[in-house]
Amino acid sequence: MNKNKKRFNNKPENNQPAPDAQENENVEVVDNFDAVEDGDEVADAQPSEEAPQEELSLEKEVEDLKAQLEKEKKEYLFLMAEFDNFRKRTLKEKSEIIKNAGEKVFKGLLPIVDDMERGIKASESATDVASVREGEVLTYNKLIKFMEANGVKAYDENDDTFNPDRHEAITAVPVQDEDKKGKILDTIEKGYTINDKVLRHARVVVGQ
């Protein structure tokens, strides 16, 4: 009877597993825990791989913007230099146009001056006044044609309406006729326009 009891007592109480089995189970649990921790590390490592890619993308965008800014800066400086050259060239051309315009006018007057000199020389020994006058008229008409060719014209002599923008009244004469009041009675100096712009105001006598 005692032997049987001893054998019965050697059996694990409360159906607990043997020590070896408990160790195996503990090992499996630890392995699963490590696997979970490894999984968490892998999950945590994914964002850390994307972060450098985003940084590289931002750096590339910054470099592109810097390159674009440098390009636009060079283009701006080039345009500024071109504009400065254009301004200087325009001023030079303008001064040359004014200078050449005066040269052209005086060159056209030289033949008229030659005619006048010949007329003066001929009048020294001329006995016929009519011929001298005829030469003067020809020279005068030549001068008028030259002026008209360059846009210079005299006021219309038939226009007797006083216009303060075109005429200068040097005196006013009382008149009985109401129709002559405010009208031009006499022209002391002719007025001229150049390309429809007043070149010289006419000096006139106005009825009052």
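Residues numbered from 1 in each chain as written. Predicted model: local features only at pLDDT ≥ 70, side-chain atom pairs only at ≥ 80, totals over all residues. Heavy atoms only, no water.

### Remarks on the packing of aromatic side chains
Applying the stated criterion across every chain, the model contains zero aromatic pairs. A cation over an aromatic ring shows up here: arginine 166 above the ring of tyrosine 155, its NZ or CZ 4.2 Å from the ring centre. (Phe/Tyr/Trp six-rings, centres within 6.5 Å; stacked < 30°, edge-to-face > 60°. Lys NZ or Arg CZ within 6 Å of the ring centre and 35° of its normal.)

### A closer look at the sheet that holds strand S5 (residues 197-200)
Taken together, the three strands give an open sheet; going across it, the order is S1-S4-S5, and neighbouring strands pair in antiparallel fashion. What marks the edges here is a single partner per strand, and that holds for strand S1 (152-154) and S5. Averaged over all pairs of adjacent strands, the angle between their axes in this sheet comes to 35°, without regard to strand direction. Relative to strand S4 (residues 192-194), S1 runs antiparallel, the two being bridged by three bridges. Directly across from valine 152, in S4, lies its bridge partner isoleucine 194. (Pairing = 2+ DSSP bridges. Helix = DSSP H or I, 4+ residues; strand = E, 2+ residues; numbered from the N terminus. Axes fitted to C-alpha atoms, helices over the stretch in contact; angles between N-to-C directions.)

### Some remarks on the confidence of the model for the protein chain
Model confidence for the protein chain is summarised by a mean pLDDT of 79, while 75% of its residues fall at 70 or above. Counted against residues more than four places away or in other chains, residues 1-14, with its pLDDT under 50, gives zero contacts. (pLDDT = per-residue confidence, 0-100. Contact = heavy atoms within 4.5 Å.)

### Structural notes on the environment of glycine 151
Its location among the elements puts glycine 151 in the loop between helix H3 (129-149) and S1. The spacing of glycine 151 and tyrosine 192 is 41 residues in sequence and 9.9 Å in space, taken between C-alpha atoms. For glycine 151, the contacting residues outside a window of four places in its chain are Thr193, Ile194 and Asn195.

### Digging into a nonpolar patch on the surface
Taken together, Tyr76, Leu77 and Met80 make up a surface patch of nonpolar side chains, about 330 Å² in accessible area. As for its placement among the helices and strands, methionine 80 is situated in helix H2 (residues 19-125). (Patch = residues over 30% accessible without salt bridge, like charges linked within 9 Å, V, L, I, M, F, W, Y side chains within 5 Å. Areas by Shrake-Rupley, 256 points an atom, 1.4 Å probe, with all protein chains shown as cover. Salt bridge = Lys/Arg side-chain N within 4 Å of Asp/Glu carboxyl O.)

### Description of the nonpolar core
Counting residues in each nonpolar core, the largest one holds five residues, listed as Tyr155, Ile184, Ala202, Val204 and Val206. In terms of residue count, strand S6 (residues 202-207) provides more of this core than any other element does, three residues in total. Ignoring anything within four residues of it in the chain, the contact list for tyrosine 155 reads Arg166, His167, Gly191, Tyr192, Thr193, Val198, Arg200, His201 and Ala202. (Core = buried A, V, L, I, M, F, W, Y, C linked by side-chain atoms within 4.5 Å. Buried < 20%, exposed > 50% of the residue type's maximum accessible area, 1.4 Å probe, protein only.)

### Focus: the environment of isoleucine 112
Along the polypeptide, isoleucine 112 turns up in helix H2. Between the alpha carbons of isoleucine 112 and leucine 143 there is a distance of 6.4 Å; along the sequence they are 31 residues apart. Leaving out residues up to four positions away in the same chain, isoleucine 112 has contacts with Thr139, Lys142, Leu143 and Phe146.

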